Amino acid sequence: MLTLLNICLTRRLLQSMLNPSSEQADRIARLFNYFNVAAGGMVLLVSGLTLYICIRFRSKKTTRHIPEQTKGNNKVEALMITVPGILLAFFFYQTVSVMHSVAPEPDHFPPPDVIITGHQFWWEVRYSAAGVTSANEIHLPAGKRVLLELKSADVIHDWWVPALRNKMDLIPGKINHLWLNINKADTYAGVCSEFCGAQHAWMRMNVMATDSTSYRHWLQEEAATALHPADSLSAKGSVIFAAKTCGGCHNISGTASTGQVGPDLTHFASREKMLGGIMPVTEENIYRWLSHPQEIKPGSKMPNFIFSNDTLKALSHYLGQLK
């Protein structure tokens, strides 16, 4: 139990904003450290002067008169103006520089590499050039500068991956952009950090950074159409999926299901987690979800269908084969 706790704490530390893992995060962390150094210096200066004054001018039993009063010191006044002025100019320059490195110029950016749309309560991820759509798991190449386009389909959401540091609001009717250059291949946990409704806490994501070769291979696999049913139960599930209007909300490439309301399910079973990170993708969990969606994730837009046990098994088996 203690070992498990240590692993969890270590993992959380690795995902901390204090452990930057992208070029943009490094710039933001450096600016943050500059502020810390300046603030620490001011604390030490004020504390030192306060201590000095308390000792140097402390009251004594033999003291019967008011200490000598000093007024008007041009050197001290000039120092008090010059030093803060230099600090202000330095931090203004550094802040503007970091802003330009993180957020692209409104009129000077190419087509986005990835388009991310926030929904209640999941993340839609589109790779337009490759014709790939996924959900909640954002695959990106490590060591390459990519441009993210961020927007919302309903209410205000907020992109926030602590280890990658930079965050951005997703606002209905407005498109925002972020540059991102991830330093190393790893999986980075993220969340929506703007309260967006009942399941805000379960609007999570994983940013999966891989080397360029693995990233291209993943795009090629995701661009393929869905696998055909491999057995009779899976075939039955595909027929039920089409007949029960599931395809009106969900897309499965290579089939008649072309819905755009809910997450794309073409390669649903290839994902690690479902429902924004609530549970692993397994047939058992799919069965539970289809049985009582509003009990598992209250407030989601998934209708609470009343299916027979055989129907649920067929649907769960079909969706569990979509890799």
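As a starting point, this report considers the structure included with it. (Residues numbered from 1 in each chain as written. Predicted model: local features only at pLDDT ≥ 70, side-chain atom pairs only at ≥ 80, totals over all residues. Heavy atoms only, no water.)

Along strand E4 (residues 137-141), five of the five residues are buried, which leaves the element largely enclosed by surrounding structure. Of the two faces of E4, the one holding Glu-137, His-139 and Pro-141 and the one holding Ile-138 and Leu-140 are both buried throughout. (Buried < 20%, exposed > 50% of the residue type's maximum accessible area, 1.4 Å probe, protein only. Helix = DSSP H or I, 4+ residues; strand = E, 2+ residues; numbered from the N terminus.)

A surface patch of nonpolar side chains, amounting to about 620 Å² of accessible area, comprises Leu-45, Val-46, Leu-49, Tyr-52, Ile-53 and Phe-57. Judged by relative accessible area, Leu-45 falls into the exposed class, the value being 52%. (Patch = residues over 30% accessible without salt bridge, like charges linked within 9 Å, V, L, I, M, F, W, Y side chains within 5 Å. Areas by Shrake-Rupley, 256 points an atom, 1.4 Å probe, with all protein chains shown as cover. Salt bridge = Lys/Arg side-chain N within 4 Å of Asp/Glu carboxyl O.)

Our next topic: the pairing of strand E2 (residues 122-127). Of all six residues making up E2, five are buried, and the element is well covered by its neighbours. Note that strand E1 (residues 114-119) and E2 share five bridges and pair antiparallel. Paired with Gly-118 across the strands is Trp-123, a residue of E2. In this antiparallel pair of consecutive strands, E2 and strand E3 (residues 132-135), the connection spans four residues, and Gly-131 shows a positive phi of 70°. (Pairing = 2+ DSSP bridges.)

As a further point, take the pattern of salt bridges. Considering all chains together, one arrives at four salt bridges under this definition. Lys-151 is paired through a salt bridge with Glu-149; the nearest N and O atoms lie 4.0 Å apart.

For residues that are not glycine, phi is negative in most cases, and the peptide bond is trans in most cases. Each neighbour pair has its own omega, and for Gln-120 with Phe-121 the value is 5°, a cis peptide bond. Mapped onto the elements, Phe-121 comes out in the loop between E1 and E2. Even without glycine at this site, Asn-136 takes up a positive phi of about 70°. The topology assignment puts Asn-136 in the loop between E3 and E4.

So yeah, pure geometry; function would need other evidence.
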